[in-house]
Amino acid sequence: QLHAVSGGVSELHSDAALSLHNCNPAVPLLIGIIQTNVFAIGDTDSADAGLYELGSRFNHSCAPNVNHRWSEALEKETFHAGRDMPAGGELKVFYTLLLASRDARRAELGRKYRFECSCETCALPPAAVAASDARRLCIAATIDIIPQLGQSPLRAILKIQQALKDLATERI
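**Student:** Describe the packing of helix 4 (residues 126-145) against helix 5 (residues 153-170), listing the residues and the values that go with them.
**Tutor:** Where helix 4 contacts helix 5, the two axes come as close as 9 Å, and the packing angle between them is 140°. Compared by their axis directions, helix 4 and helix 5 come out oblique. Once helix 4 is placed against helix 5, the crossing between them reads as left-handed. Residue-level contacts link Ser 132, Arg 135, Arg 136, Cys 138, Ile 139, Thr 142 and Ile 145 of helix 4 to Lys 159, Ile 160, Ala 163, Asp 166, Leu 167, Thr 169 and Glu 170 of helix 5. Its residues assigned to classes, the contact of helix 4 with helix 5 shows six nonpolar, three polar and five charged.

Quick look at the structure:
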């Protein structure tokens, strides 16, 4: 049996693990499956990772409908609907940074997972992609400058309000 790398996480049986996708056939099968399908456990500096029977099967979208995070209290990866979804609809998470341009996201996904994203956001017409990229980069810039806006609360509120509107428009 294959177990996730952190205590307290449900075990994943070998059959289920071996049926997961391997995006790197140049490495041994199990290593490729792990590299393709694990989620980080805890903070981003942690080397711990988990492989999940269901969560590791979710596909990618640059406008995911499922958010995930490690819960220290539960010692489990938790998945939450990010918005209303139709019954039977596909559950999608993000595999890369969402606050980057389409070209940067596609490059990262191609390098790490060997596919070119064609989600609803990446498939937009060129003018809509440019607008989406501008919103995402603006959100990222706002996040970066928030600590510096302490001296100007009104400016901070206005920047954050715009970032929230952009997040809603981008569906992230």
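**Student:** Tell me about a nonpolar patch on the surface, and name the residues and values.
**Tutor:** On the surface, Leu 18, Leu 29, Leu 30, Ile 34 and Val 38 cluster together into a nonpolar patch covering about 380 Å² of accessible area. Looking at which element gives the most residues to the nonpolar patch, the answer is helix 2 (residues 29-37), with three residues. Within the element layout of this structure, Ile 34 appears in helix 2. Among the residues examined, Ile 34 registers a relative accessible area of 32% and is labelled partly exposed.

**Student:** So what's going on with the pattern of salt bridges? Which residues, and what values?
**Tutor:** Under the criterion given, the structure shown has seven salt bridges. One salt bridge in this structure joins Glu 120 and Arg 171, with 3.6 Å as the shortest N-O distance. Remark: Arg 171 occurs in the segment after helix 5 and Glu 120 occurs in the loop between helix 3 (102-113) and helix 4; sequence separation between them is 51 residues. Overall, the relative accessible area of 35% leaves Glu 120 in the partly exposed class. Measuring nitrogen to oxygen at the nearest pair gives 2.8 Å for the salt bridge that ties Arg 136 to Glu 170. Of the two residues, Arg 136 is situated in helix 4 and Glu 170 in helix 5; the sequence distance between them amounts to 34 residues. Per residue, the accessibility class of Arg 136 equals that of Glu 170, and both read buried. Among the charged side chains, a salt-bridge network with shared partners connects Glu 108, Arg 111 and Lys 112.

**Student:** Lay out helix 2 in plain terms, naming residues and giving numbers.
**Tutor:** For helix 2, the set of buried residues is Gly 32, Ile 33, Thr 36 and Asn 37. The buried residues of helix 2 occupy an angular sector of 110° when projected down its axis, which confines them to one face. Taken together, the buried residues of helix 2 touch helix 1 (14-18), strand 1 (39-40), strand 2 (49-50) and helix 3.

**Student:** So what about unusual backbone geometry? Which residues, and what values?
**Tutor:** Excluding glycine, a negative phi dihedral is what most residues carry, and trans is how most peptide bonds are arranged. With phi around 55°, Glu 75 is a residue other than glycine that occupies positive phi space. Owing to a relative accessible area of 41%, Glu 75 belongs among the partly exposed residues under this scheme.

**Student:** Give a detailed account of the side chain of Ser 101, specifying residues and quantitative values.
**Tutor:** Residue position: Ser 101 is located in the loop between strand 6 (92-93) and helix 3. Within the local environment of Ser 101, its side chain forms a polar contact with the backbone nitrogen of Ala 104, the two atoms lying 3.1 Å apart. When residues no more than four places from it in sequence are discounted, the contact partners of Ser 101 are Asp 133 and Leu 137.

Criteria and thresholds
Residues numbered from 1 in each chain as written. Predicted model: local features only at pLDDT ≥ 70, side-chain atom pairs only at ≥ 80, totals over all residues. Heavy atoms only, no water. Axes fitted to C-alpha atoms, helices over the stretch in contact; angles between N-to-C directions. Helix = DSSP H or I, 4+ residues; strand = E, 2+ residues; numbered from the N terminus. Parallel < 35°, antiparallel > 145°, perpendicular 65-115°, else oblique. Left-handed = near helix turned anticlockwise from the far one by under 90°. Contact = heavy atoms within 4.5 Å. Nonpolar A, V, L, I, M, F, W, Y, C, P; charged D, E, K, R; others polar. Patch = residues over 30% accessible without salt bridge, like charges linked within 9 Å, V, L, I, M, F, W, Y side chains within 5 Å. Areas by Shrake-Rupley, 256 points an atom, 1.4 Å probe, with all protein chains shown as cover. Salt bridge = Lys/Arg side-chain N within 4 Å of Asp/Glu carboxyl O. Buried < 20%, exposed > 50% of the residue type's maximum accessible area, 1.4 Å probe, protein only. Arc of directions from axis to C-beta. Polar contact = N/O pair within 3.5 Å; in protein donor to acceptor, adjacent residues only side chain to side chain.

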